[in-house]
Amino acid sequence: MKRIFAIAFAVVLGLGLLSCNKEEFPEGADMSSVRVALTPDPGAIPAEGGSFEAAVVVNQGPSLDVPWELSIDGAPGWVTASKIRYKSHFTGTYNGDDADVEQDGVSCTVSANTTGKKRIVNLRFTVADGRSVIYTVTQSAK
């Protein structure tokens, strides 16, 4: 009897472990949409111009922090942007869990706005399958 119980237990345990390894998503789950977040959020760039650096996280469907390439829609001459390694420091909540963090990010420089009108430009983040998402940078008017 103990032997039958041990075999049944091993079978149930094995099936349980197999089911844990499957990555299942509900029918209709978003598997392809691309999302982007910049941290810290640069906010509006003043009319005098300026620059910012931020960490960038691009997610696609259920995949988090996927590789990406950067471009600027329309390539206007008043803005430059490039992909960088962004360094920051994480201050933990417990003694000893502070850490220096390095991840993909963006460096962006915007020249002075003398047009008298608000300007916008789209930074485009493109993932391996060609899908992309934009992050809009706004510059105030003088």
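Rules behind the numbers
Residues numbered from 1 in each chain as written. Predicted model: local features only at pLDDT ≥ 70, side-chain atom pairs only at ≥ 80, totals over all residues. Heavy atoms only, no water. Pairing = 2+ DSSP bridges. Helix = DSSP H or I, 4+ residues; strand = E, 2+ residues; numbered from the N terminus. Axes fitted to C-alpha atoms, helices over the stretch in contact; angles between N-to-C directions. Salt bridge = Lys/Arg side-chain N within 4 Å of Asp/Glu carboxyl O. Buried < 20%, exposed > 50% of the residue type's maximum accessible area, 1.4 Å probe, protein only.

Novice: What's the story with the sheet that holds strand E7 (residues 132–139) in this structure? I'm lost.
Specialist: The strands making up a sheet associate through backbone hydrogen bonding, with each pair oriented either parallel or antiparallel. Sheet architecture is open: 3 strands sit in the order E3-E6-E7, paired in antiparallel fashion. On the outer flanks of this sheet lie strand E3 (69–72) and E7, each paired with one strand and no other. Put simply, the sheet's adjacent strands are angled 25 degrees from each other on average, direction ignored. As paired strands, E3 and strand E6 (residues 119–126) are joined by 4 bridges and run antiparallel to one another. Looking at E6, one finds that Ser71 is bridged to Arg124.

Novice: Got a minute to help me understand the pattern of salt bridges in this structure?
Specialist: One side chain can pair with another of opposite charge once the charged atoms of both are near each other. Overall, the coordinates contain 5 salt bridges when judged by the stated rule. A salt bridge links Glu102 to Arg85, with the shortest nitrogen-to-oxygen separation between them at 3.3 Å. Here the residue Glu102 occupies a position in strand E5 (residues 99–110), and Arg85 occupies one in strand E4 (residues 79–90), the gap between them amounting to 17 residues. With relative accessibility at 43%, the residue Arg85 sits in the partly exposed group. Between Asp129 and Arg131 there is a salt bridge, with the nearest N and O atoms lying 3.1 Å from each other. The partly exposed category is assigned to Arg131, whose relative accessible area is 42%. A cluster of three or more residues bridged by salt bridges with shared partners is formed by Lys83, Arg85, Glu102 and Asp104.

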